[in-house]
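Single-letter residue listing:
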Amino acid sequence: MTRETSVPNAAAPLPGQTDPAILRNFCIIAHIDHGKSTLADQMLRLTGVVDARAARAQYLDRMDIERERGITIKSQAVRMPWTVPADNAEIAEPGTYVLNMIDTPGHVDFTYEVSRSLEACEAAILLVDAAQGIEAQTLANLYLAMGADLHIIPVLNKIDLPGANPEKYAAELAGLVGCDPADVLRVSAKTGEGVEGLLNEIVKQTPAPVGDADAPPRALIFDSVYDTYRGVVTYVRVIDGKLSHRDRIKMMSTGAVHEMLEVGVISPEPVKAGDLGVGEVGYLITGVKDVRQSRVGDTVTSQHNGATDALGGYKHPNPMVYSGLYPIDGDDYPTLRDALERLQLNDAALTFEPETSGALGFGFRIGFLGLLHMEITRDRLEREFNLDLISTAPNVVYEVLMDDGSELVVTNPSEYPEGKIAEVREPVVKATILSPSDYIGTIMELCQTKRGNLQGMDYLSEDRVEMRYVLPMGEIVFDFFDQLKSRTKGYASLDYERSGEQAADLVKVDILLQGEPVDAFSAIVHKDAAYSYGVMMASKLKDLIPRQQFEVPIQAAIGARVIARENIRAIRKDVLAKCYGGDITRKRKLLEKQKAGKKRMKNIGTVEVPPEAFIAALSTTQPSEKTKK
Ligand SMILES: Nc1nc2c(ncn2[C@@H]2O[C@H](COP(=O)(O)OP(=O)(O)OP(=O)(O)O)[C@@H](O)[C@H]2O)c(=O)[nH]1
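Residues numbered from 1 in each chain as written. Predicted model: local features only at pLDDT ≥ 70, side-chain atom pairs only at ≥ 80, totals over all residues.

Per an unreviewed UniProt entry, the protein carries the name Elongation factor 4 and comes from Nocardioides conyzicola. Under the heading Subcellular location (unreviewed entry), UniProt records this for the protein: "Cell membrane". (UniProt positions renumbered as here; feature names shortened; annotations may be inferred.)

A. Seen up close, the overall build of the protein. When helices and strands are tallied, the protein shows 13 helices and 33 strands. Considering only residue pairs separated by 6 or more positions, the protein has 70% of its internal contacts joining residues 24 or more positions apart. (Helix = DSSP H or I, 4+ residues; strand = E, 2+ residues; numbered from the N terminus. Contact = placed C-beta atoms within 7 Å.)

B. Spotlight on the pairing of strand β4 (residues 123-129). Most of β4 sits inside the fold, with six of its seven residues counted as buried. As judged from the five bridges shared by strand β1 (residues 23-30) and β4, these two strands associate in the parallel manner. What sits directly across from phenylalanine 26, in β4, is alanine 123. Strand direction decides the pairing type here: β4 and strand β5 (residues 151-157), joined by seven bridges, are parallel. The residue of β5 that forms the bridge with alanine 124 is isoleucine 152. (Buried ≥ 20, exposed ≤ 12 C-beta atoms within 10 Å, placed from the backbone. Pairing = 2+ DSSP bridges.)

C. Layout of the sheet that holds strand β16 (residues 299-302). The antiparallel open sheet is built from eight strands, whose spatial order is β11-β10-β16-β7-β8-β15-β12-β13. One side of each edge strand has no neighbouring strand; the edge strands of this open sheet are β11 (257-259) and β13 (270-273). Averaged over all neighbouring strand pairs, the angle between strand axes comes to 40°, with direction disregarded. Looking at chain direction, strand β7 (residues 218-227) and β16 are connected through two bridges and run antiparallel. Across the sheet, the residue bridging to leucine 220 is threonine 299, located in β16. (Axes fitted to C-alpha atoms, helices over the stretch in contact; angles between N-to-C directions.)

D. The environment of asparagine 305, seen in detail. Examined against the element boundaries, asparagine 305 turns out to sit in the loop between β16 and β17 (321-327). Separated by 90 residues in sequence, asparagine 305 and alanine 215 have C-alpha atoms that sit 9.6 Å apart.

E. Main features of helix α5 (residues 166-177). End to end, α5 covers 16 Å across 12 residues, agreeing with the expected 16 Å (1.5 Å per residue, within 8%). If you check which residues of α5 are buried, you get Tyr169, Ala170, Glu172 and Leu173. One side of α5 holds all its buried residues, which, seen down the axis, span an arc of 160°. Here the buried face of α5 lies against β4, β5 and β24 (453-461). (Expected span 1.5 Å × (residues − 1). Arc of directions from axis to C-beta.)

F. Looking closely at the UniProt feature "binding site: GTP" (unreviewed entry) in the protein. Cross-referencing UniProt, the feature "binding site: GTP" (unreviewed entry) maps to Asp33, His34, Gly35, Lys36, Ser37, Thr38, Asn157, Lys158, Ile159 and Asp160 in the present numbering. Here asparagine 157 is to be found in strand β5. Given 31 C-beta atoms within 10 Å, asparagine 157 falls into the buried group. Setting aside residues up to four positions removed in sequence, asparagine 157 forms contacts with His34, Gly35, Leu39, Leu127, Val128, Asp129, Ala130, Val187, Ser188 and Ala189. Residue position: lysine 158 is located in the loop between β5 and α5.

G. View of the pairing of strand β23 (residues 421-436). Sheet topology places strand β21 (residues 398-402) next to β23; four bridges connect them, and they run antiparallel. From the neighbouring strand, valine 400 faces β23, where its bridge partner is valine 424. Relative to strand β26 (residues 493-503), β23 runs antiparallel, the two being bridged by nine bridges. Counted as the bridge partner of alanine 431 is tyrosine 496 from β26. Taken together, the nine bridges between β23 and strand β25 (residues 464-472) define a ladder with antiparallel strand orientation. Residue pairing across strands places isoleucine 433 opposite methionine 467, the latter belonging to β25.

H. The arrangement of the environment of valine 155 in detail. On the secondary structure map, valine 155 appears in strand β5. The sequence separation of valine 155 and proline 181 amounts to 26 residues, and the corresponding C-alpha distance is 10 Å. Setting aside residues no more than four positions away along its own chain, valine 155 makes contact with Ile125, Leu126, Leu127, Leu185, Val187 and Leu198.

I. Spotlight on the confidence of the model for the protein. Overall, the predicted model of the protein reaches an average pLDDT of 83, with 84% of residues at or above 70. Averaged over each element, pLDDT in the protein is lowest for helix α2 (residues 64-69) (48) and highest for β5 (97). Segment residues 65-75 is flagged for pLDDT under 50; beyond a separation of four residues in sequence, or across chains, it makes 33 contacts in the model. Across residues 621-629 the pLDDT falls below 50, and counting only partners more than four positions away or on other chains, this stretch makes 21 contacts in the model. ipTM for the predicted complex: 0.97, alongside a pTM of 0.70. (pLDDT = per-residue confidence, 0-100.)

J. The packing of helix α9 (residues 440-449) against helix α10 (residues 473-487), seen in detail. Where α9 meets α10, the axes come as close as 10 Å, and the angle between the chain directions of the two elements is 160°. In terms of orientation, α9 lies roughly antiparallel with respect to α10. By crossing handedness, the relation of α9 to α10 is classed as right-handed. Contacts from Thr442, Ile443 and Leu446 in α9 reach Gln483, Leu484 and Arg487 in α10. By residue class, the composition of the contact of α9 with α10 is three nonpolar, two polar and one charged. (Parallel < 35°, antiparallel > 145°, perpendicular 65-115°, else oblique. Left-handed = near helix turned anticlockwise from the far one by under 90°. Nonpolar A, V, L, I, M, F, W, Y, C, P; charged D, E, K, R; others polar.)

K. The sheet that holds strand β18 (residues 351-357), seen in detail. A sheet is described by the order of its strands in space; here four strands give the open sequence β18-β19-β17-β20, paired in antiparallel fashion. The open sheet has two edge strands, β18 and β20 (389-391), and neither has a second partner. Each strand of the sheet is rotated relative to its neighbour by a mean of 30°, with strand direction disregarded. The pairing of β17 with strand β19 (residues 361-368) spans five bridges and is antiparallel. Opposite glycine 324, over in β19, you have arginine 365 as the bridge partner.

L. Spatial organisation of the packing of helix α1 (residues 36-46) against helix α6 (residues 195-205). Direction vectors running N to C along α1 and α6 enclose 85°, while the axes themselves pass 10 Å from each other. Taken together, the axes of α1 and α6 lie roughly perpendicular to each other. For the pair α1 and α6, the contacting residues are Gln42, Met43 and Leu46 in the first and Val195, Glu196 and Leu199 in the second. A per-class count over the contact of α1 with α6 returns four nonpolar, one polar and one charged.

M. Broad picture of the nonpolar core. Ala124, Leu126, Val155, Leu156, Val236 and Ile433 are the most contacted members of the largest nonpolar core, which has 160 residues in total. With seven residues, α10 is the largest single contributor of residues to this core. (Core = buried A, V, L, I, M, F, W, Y, C linked by C-beta atoms within 7 Å.)

N. Unusual backbone geometry, seen in detail. Residue aspartate 149 is not a glycine yet carries a positive backbone phi of 65°. When you line up the elements, aspartate 149 lands in the loop between α4 (136-147) and β5. Unusually for a residue other than glycine, asparagine 386 sits at a positive phi of about 55°. By the element assignment, asparagine 386 lies in the loop between α8 (371-384) and β20. Here asparagine 386 falls in the exposed class, since 10 other C-beta atoms lie within 10 Å of it.

Quick look at the structure:
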């Protein structure tokens, strides 16, 4: 968020003085890349909120990383005036309205961002690419919106594309939403075609917010972001009453009272206001420094004559995937800790605690919502804080029940207990895969190898199917998505949600160098996959670890049982070999260079392992850059 303030549209009713009857709060939900952000940009232009010349692509995706990856991570809410002209009377009552648009992220990791944005709206535009049709996250987001009781406005986007097939997909979409195919709107977010009509439809179809203007104020926090200049900016939707900049506000979950420094709306830069009234969407600034003090889902009221009943909140998302992060240079540990604390100011879903690895030194165990969340966090740490990091293979959370009846939760393979284990439970997900029907065979084969259970299959149209599986989450975490994409030439889409636990035959595989276990390489895997994991790691490490002055055995073991073995043959690396003659300064230089190289090495017992070997060995078990599609 920048500091400059734009002049609100003169004709637009002011915040705090807006009759709820002319307010329309809506969001755009879609599968990734179906064009939400482009449509949002087009609306900003058409409503005059952003001047066409000043508009930059994806105005609402403010973080650099969002713009680079072309995806939306944090939701944004923008207030736009829209005048329905008199000649459009058959669509909607002419006059000036206030539209609050909430842009939502589309990726499965950020579902919780979507669901909380939905609570601030009365309608959702369900946007579908007219060249692709319904995808897995179209369904997932639609179900979330229906669960939140929103009115659904079905819209096909990208009708300008030569490959667009609006007839076919309008029928598909109408079948899904339960409307007439003629009622599915058709737009091109890129050229702007049909978008004015869509704005008029939003006015017509979105119910006006309902609330009690005379009741004590109650507002729902649907987002909270940390801004370097302004502290925490809290986005709220007012349900009842009025929040004024003169109020001291109370967070209803904790009772904490904060001074209000500023109230305003985003249009599309922050615009200060005196108050926010019933149904309005805007921001509060209270001088709080940490998003956790302004929790999403909490209810804000005033300190004096405040409300007594909080609004129903959201469930806090639990981390699904854990990974260890270690600085390559041990001296960077404090920087990594500070960086994580900084990121957490803005990402309440990020959890971390210190951990030590025999091989990698001091680092952190970090909990993520999913793989994309993990990649983005790592990317930001490296880019914004200039850190070089090694991350260990991601794993899910296991519950281990011991023979003596005790139970423990394992988020790190190194915590996996020795001794008599009665049962290990792993998390499972309900996965929905949408694909052209030609690929049913190969998808079934893939799910089979990933221990999936087919729950059902439906045809959405004659050549597209929806397959429902229960799959262990640990199997999805690695390369499932990449494999699904490559087997279906990119056509299949996947969505999944947590669905309890199941007992599974899991074992911990350790990797030993010269008899010393290297904790960073340990993994909890299914019994049937243990051998191949062991062989894969042992042969990888054989190629990655430089030869030492003695022979180094690499072993993979389950407990005391060795399941795979390789040897790194001995070598004596004599850096002085080339320096015959007595040039002592040259000799010294070479020896010093060798010493400096050694300083970066990680020592496993007497074996020196370069950090690059860890990165390469661990990256084989990690997702590739492209978890996005
Ligand atoms: N031809 C054409 N391309 C479009 C249209 N709308 C969006 N696109 C393109 O589709 C791609 C994805 O658009 P985005 O707006 O980033 O998609 P999104 O749904 O916001 O994606 P996320 O923010 O990642 O969820 C971009 O390359 C856009 O230029 C359209 O109407 N016509």
